[in-house]
Structure formats: C-alpha cells, structure tokens
Amino acid sequence: MHLLHEKKIKELEEKANEIRQSLIESLIVAGSGHTAGPLGMADIFTALYFHVLHHDPKNPLMEDRDRLILSNGHIVPIRYAAMAHAGYFPLSELKTLRKFGSKLQGHPERVRLPALESTSGPLGSGLGQAAGIAYGARMDGRRFRVYCVMSDGELQAGNTWESAMFSGVNELHNLTAIIDRNNIQINGMTEDVMPLEPLRAKFESFNWHVIEINGHNIEEFVDAVGEAGAIYERPTVIIAHTIPGKGISDIEFDYSWHGKPPNKEEGERFLKELRTLGGKIKSEHE
Amino acid sequence: MLHKEAHLVENIFNTKSLKAEPTRDGYGEGVVEAGKQNKDVVVLCADLAESTRSHWFKETYPERYIELGVAEQNMATVASGLANYGKIPFIASYAAFNPGRNNEQIRTTISLNEVPVKICGMHAGVSVGPDGATHQALEDIALMRVQPNMVVLVPADKEEAKRATIAAATNGKPTYLRFAREKTPVFTTEKTPFEIGKAEVLWEEESPEVAIIGSGPVLYNALLAAHELSEEGIRSIVVNNHTIKPIDEKTIISVAQKARAVVTVEEHQVAGGAGSAVTEVLAQHYPVPIEFVGVKDRFGQSGEPDELIAHYGMDKSAIIEAVKKVIARK
C-alpha cells in the first residue's frame, strides 16, 4: 500500500461519489434492497478497492490477494458498485442486482461470484470466517491480510463474540475488522434496541487493538489500516464512525432507509444531489 | 445368508465373542490417518477433545489441532474460513450441538458456500445413555440431509467409521459424519467394500420376503434379526445404507424389487431420517409397503444404552416385529 497524497485523496473522493451514483442507479432498478448502510460505507469500500487491497480484478483469485470478507451481507450493493468500477465486471451488470439468474444476488454468494470470498447475510458469521482464513494463512506463513467488514447491529449476535475471543487469544495480527458504526438497525438506534457501548472497551477486553476513525475521511481510514499492519501482537478493529445514508441529505441519519430502495423519482433527485455535490456545482453535464 | 463379497467378520452371530468398539474411535483413528495422508487436514474441537477422540489427532499433530472452546457456531464459521483458504477441516462435537446448535452457520457458510468442511457429530442417538435427552441427538440426519451440497454418512461400526472418515477427507465436499459413543460390535472388515454413495448388501437369501435397509450401529441388530428370521423360515435381504446422501437409488430399488417389502432401521427420529430418504426413493420408483424402525416422535431419556435401544424399539425383537408387520401388509 502506497502513501496517500492530496491528489490521490481527491481522486478517491471523486471515485466514491461515482460509486454512490452507481449504487443508487442499481437500487432503483432492483426495486428492493438496502440504501443507508451501503451509502455510509461508500468511502471505505472505495478506499479498499482503489488503494488498500492487494488485488487484481483480472485475476480475482490470485493466490496472494488480500481477502475481504463482508459479514453484513445486506450492504453488498456498495461492494458490487466498487467492484464494477474496479473492473471485476462491466458497470452495466449492476443493473442485474437482485434479478433472476444474476451473479449479483440480494445477499452475496461466493459460488456465483468467487471474488466475493464468502457467502453472507445471516449476521454475526463473517468474523469467524475471516479468522479461519487468517489462521490458515498464518499456519502456512502466507503474507496476505484478511479484512472483515461488519455492521454495528450484528455485534449483538453471539457468534461475533465467539469469533472475537478466538481471534484475540490466537493473536491473529493478519486480521483487521472494520465496523460500520452508524448507530442504526432495523428497529431503531442501536443504543435503544440493544446497546453496544462501551464498544471500544469490549474489544480491548477481548485482546484486540482498537482504532476509532471518521469513516468518511479516507486519509484516516488508510492511516488506520497502516497502523493495523504494524501491530504484531493482536488483531485490530477499526471502529469507523459513519453517517448512514452519507452523501444524500434526505437519507442521512434516517434509520427508516435501512432496508428500502429509492423509487424512480427519489432516485433521480438523489443522483442530482450527488452529481452537483449537493448544489456546489451548478451544471450537471447530463 | 451372509453375502460373501461383504467380507464380514467370521463369528458375526456370536455377539459375545465379537470385538466391541465405539464408532467415535473409528473417527479418532481415521482422522489421524487422513492427517498423515494430507498435511492440509486440520481438526477443530469445541472443548470435547477426549470424548470426540480428537485428542489422538491433537497428540499426533498438535500444530494442526485448533481449540475453539465451547463455541460450536464459531467452530463452523472458522472451519468455513479454513476450508475456503484451502484446508480440510474436521469439526467435532456432540451431534446435539454440531449440527444441532450451529445449523444455520453450517447452512450459510458451509453448504451454500460449498466449502469442504467435515462436520463430525458425536454421541448421536439414545445410546449415549445416562446423559439423557439433551445430549441424545435424534434429528441430525434430518437437519443435514435437507441441505443442498451436503454428503451424509452414517457408519455402522468402528471399522467403517474409520474408512468413512478417511474417504470424507478426499471427497472435496461439505460432509456430515455421524458417530456414536457406546461400544458396538465391529462386524465389517478391511475387506468389506466401502464407497461413498454405494449401499452394500450384507445378507441375502433366495426369494426374499423383506429387505431390511439399515444405517449406523443398529444395523447389527438387523443382521441378528435376519439370522433369527431365517431360522423361522422368513427370508430376507439386509442392506448397509451408510450413505444417506447421495443415496444409492439403484441398490435400494433393486432390493425392493426382489423383496417387495421394506423395513428401515436407524437410531434417529423416523421423521426425516434415513428411512425417510429410502422412502422418498421408493415412493417415486417402486412403491412397496414400508415399516420404520427408529424413534417415533419422542425425546430420549437417561438409562443404559441397551435398555434405551429396547425401550425406543430399535433392538432385534422390534425389527423382527416390523418385518412380520410389513410382510402381512403385502
């Protein structure tokens, strides 16, 4: 991973905006799916696919690729959008999201799209899979890193903490978890439904190194990933504080957008907001 | 009479002189052998190393033994990751928890994800004995056989358990293996044919009136029943149906055509188990009267293995009774 410079950061921010647009376009056509979570993770997925990960879209299963496990499978539309922009498949294929026969299933399936690395949707089971890959890789002295993106709501599932305990005691330093701390879940705010705080202390007590960042600041995220790579005694969790729906003012902070897509009219409005950077640019160049 | 090509032990009907060993020992020895053959074989265990016999692997290959603690859900997900990376993980715990407790993790991260994890369910059936109903898995075959991509193996004795374990290590598929705690007669030999997906005829008489299709250690009771029935003049075929999935349709249809009546025998709920799998084949291809020997919609309880097998109707006399009943229905 190279160091960031200002020009690169700006490029990544612009890419994140394009990826958000592709996400909204695919959700409009899909007619179902999740909106808030994927928008909130657009910056991190952009940073992962366009700067952090050692990967090759033309050789998706190359042996020493970094592994990215998505535990909260429902935000996969943002991963699909980032992968399409990275060159894993044509952008036009995003229009098949959630359609019959598509590689882009409503929740990710590795067998249909091997570059996804795992199959997920039922919450709480990604960290264990990531830990298994990290454990196996360490047995064989392999150098690649394993990343696991998780939601905050899924931390309520017991399987997560079994995996956190296992990863901590086995000092899986090649494993980095990234938590989308957006504070929302289906039934409301996480702290009202089933509180997670003190979250940092929970992971520290499970022998994890914890870094908290602004999940929309790409430089902070890249720095945190670099720091995780320098920790040799334990796994690292990056708690990324994000705004659900980030980038579209009507959706930001509104948990009712967790599990629904925009309709056509809403979608057009949201795309306009993204293309004009929230009104900062007058002409849309449509 | 005994099928010569089955190469069963010689003194098979002299129960007292037969060697008795638990099928879990077959797993324990088999997984060490599989580990010797392939360095990618790893064993995961959830705080039950000795009773699952995983400790033999742990002693032989400590660097390939992974302890999970009492966390069967995590055991399934970590194994999924290991298999995804390229290892061949065997995950061992009591069947009541593995695949009982971690069923969803197996479904999503192993079966749907198509990774070759070997799920080893120990202490299956009422023959666990004194531990009681909580630890007597009677629904594990049903849980596993309804999952697409899953292979389901139920070895009948320690020798077959060992060979099933070794075979599972190389089949490249998600696989469930069912083992028992109690010592049971070892009646197959190294020469007995064993191939995943291929049922074996162990006993066959001319013009049979019934085919008894059994899975697991209670298959020995089926052989005892066939022997006694023969002395009464009732002729039968006994089939070892060790692979519940993919089931050997050809052999099952063939014995049903010969006998025109079937009794299935298993130490499991009759709903959804090995007998149901046989029935699904015959209902479609060659319908005949069928009786089921197994547990009939009840939980187990504490007791000695033999008395529980008799109480829940899976001993020799229960099989003989089922045979007479099914013949009367022809």
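Residues numbered from 1 in each chain as written. Chains lettered and ligands numbered in written order. Predicted model: local features only at pLDDT ≥ 70, side-chain atom pairs only at ≥ 80, totals over all residues.

(A) Region of the structure containing the overall build of chain B. Across its full length, chain B carries 11 helices and 14 strands. For 330 residues, the compact-globule estimate of 2.2 N^0.38 gives 20 Å, and chain B sits close to it at 19 Å. Its C-alpha atoms give chain B principal-axis dimensions of roughly 55 × 40 × 35 Å. Taking all 330 residues of chain B together, 62% fall into the buried category. Long-range pairs, those at least 24 residues apart, make up 80% of the contacts in chain B between residues at least 6 apart in sequence. (Helix = DSSP H or I, 4+ residues; strand = E, 2+ residues; numbered from the N terminus. Rg over C-alpha atoms; globule rule 2.2 N^0.38 Å. Buried ≥ 20, exposed ≤ 12 C-beta atoms within 10 Å, placed from the backbone. Contact = placed C-beta atoms within 7 Å.)

(B) Highlighting the interface of chain B and chain A. Between chain B and chain A, the contact holds 22 residues from the first and 21 residues from the second. Counting residues per element, the ones that place at least two in the side of chain B that touches chain A are helix 3 (72-85) and helix 4 (103-111) of chain B. In terms of residue count, helix 3 of chain B provides more of the side of chain B that touches chain A than any other element does, 10 residues in total.

(C) Up close: the packing of helix 7 (residues 219-231) of chain B against helix 11 (residues 316-328) of chain B. Residues and elements named next belong to chain B. In the contact formed by helix 7 and helix 11, the axes pass within 8 Å of each other and the chain directions differ by 60 degrees. It follows from the interaxial angle that helix 7 and helix 11 lie oblique. As helix 7 runs across helix 11, the sense of the crossing is right-handed. Note on element contacts: helix 11 touches helix 7 through K316, I319, I320 and V323, opposite N221, A222, L224, A225, E228 and L229. (Axes fitted to C-alpha atoms, helices over the stretch in contact; angles between N-to-C directions. Parallel < 35°, antiparallel > 145°, perpendicular 65-115°, else oblique. Left-handed = near helix turned anticlockwise from the far one by under 90°.)

(D) Fine view of the sheet that holds strand 13 (residues 262-269) of chain B. Residues and elements named next belong to chain B. Taken in spatial order, the 5 strands of this open sheet run 9-11-10-13-14, and their pairing is mixed. Either end of the sheet is taken by a strand with one partner, and the two such strands are strand 9 (200-204) and strand 14 (290-295). Sheet twist, expressed as the mean angle between neighbouring strand axes with direction ignored, is 20 degrees. Pairing of strand 9 with strand 11 (residues 236-240), which is carried by 4 bridges, proceeds in the antiparallel orientation. Its bridge partner lying in strand 11, V201 is registered against V239. Across the sheet, helix 8 (residues 249-259) lies against strand 9, strand 10 (210-214), strand 11 and strand 13, angled at about 150 degrees from strand 10, the strand it touches most. On the sheet, helix 11 packs against strand 10, strand 11, strand 13 and strand 14 and is oriented at approximately 160 degrees with respect to strand 14. (Pairing = 2+ DSSP bridges.)

(E) Representation of helix 9 (residues 274-285) of chain B in the model. Residue and element names in this part refer to chain B. Here helix 9 spans 17 Å end to end across 12 residues, near enough to the 16 Å set by a 1.5 Å rise per residue. Buried residues of helix 9: A274, G275, S276, A277, V278 and L282, and no others. Buried residues along helix 9 sit against helix 5 (140-145), strand 10, strand 12 (243-245), helix 8, strand 13 and strand 14. (Expected span 1.5 Å × (residues − 1).)

(F) Representation of unusual backbone geometry within the structure. The residue after E197 of chain A, namely P198 of chain A, is reached through a cis peptide bond having omega 0 degrees. Along the chain, the position of P198 of chain A falls in the loop between helix 7 (190-193) and helix 8 (199-205). A cis amide bond links K245 of chain B to the next residue, P246 of chain B, at an omega of 0 degrees. For P246 of chain B, the location among the structural elements is in the loop between strand 12 and helix 8. In this model, S207 of chain B sits at a positive phi of 45 degrees, which is unusual for a non-glycine residue.

(G) Inspection of the sheet that holds strand 5 (residues 118-122) of chain B at higher detail. All names here are of chain B. The strand order 3-2-4-5-7-6-12 describes an open sheet built from 7 strands, whose pairing is mixed. The sheet terminates laterally at strand 3 (65-67) and strand 12, the two strands that pair on one side only. Within the sheet, the average angular offset between the axes of one strand and its neighbour, ignoring direction, is 20 degrees. One ladder, built from 2 bridges, connects strand 6 (residues 151-153) with strand 12; its direction is antiparallel. In the strand pairing of strand 12, V152 is matched with K245. Packed onto the sheet, helix 1 (residues 23-37) meets strand 2 (41-45), strand 4 (88-94), strand 5 and strand 7 (175-178) and runs at close to 140 degrees relative to strand 2. In the packing of helix 3 onto the sheet, contacts are made with strand 2 and strand 4, and the angle to strand 4 comes to roughly 170 degrees.

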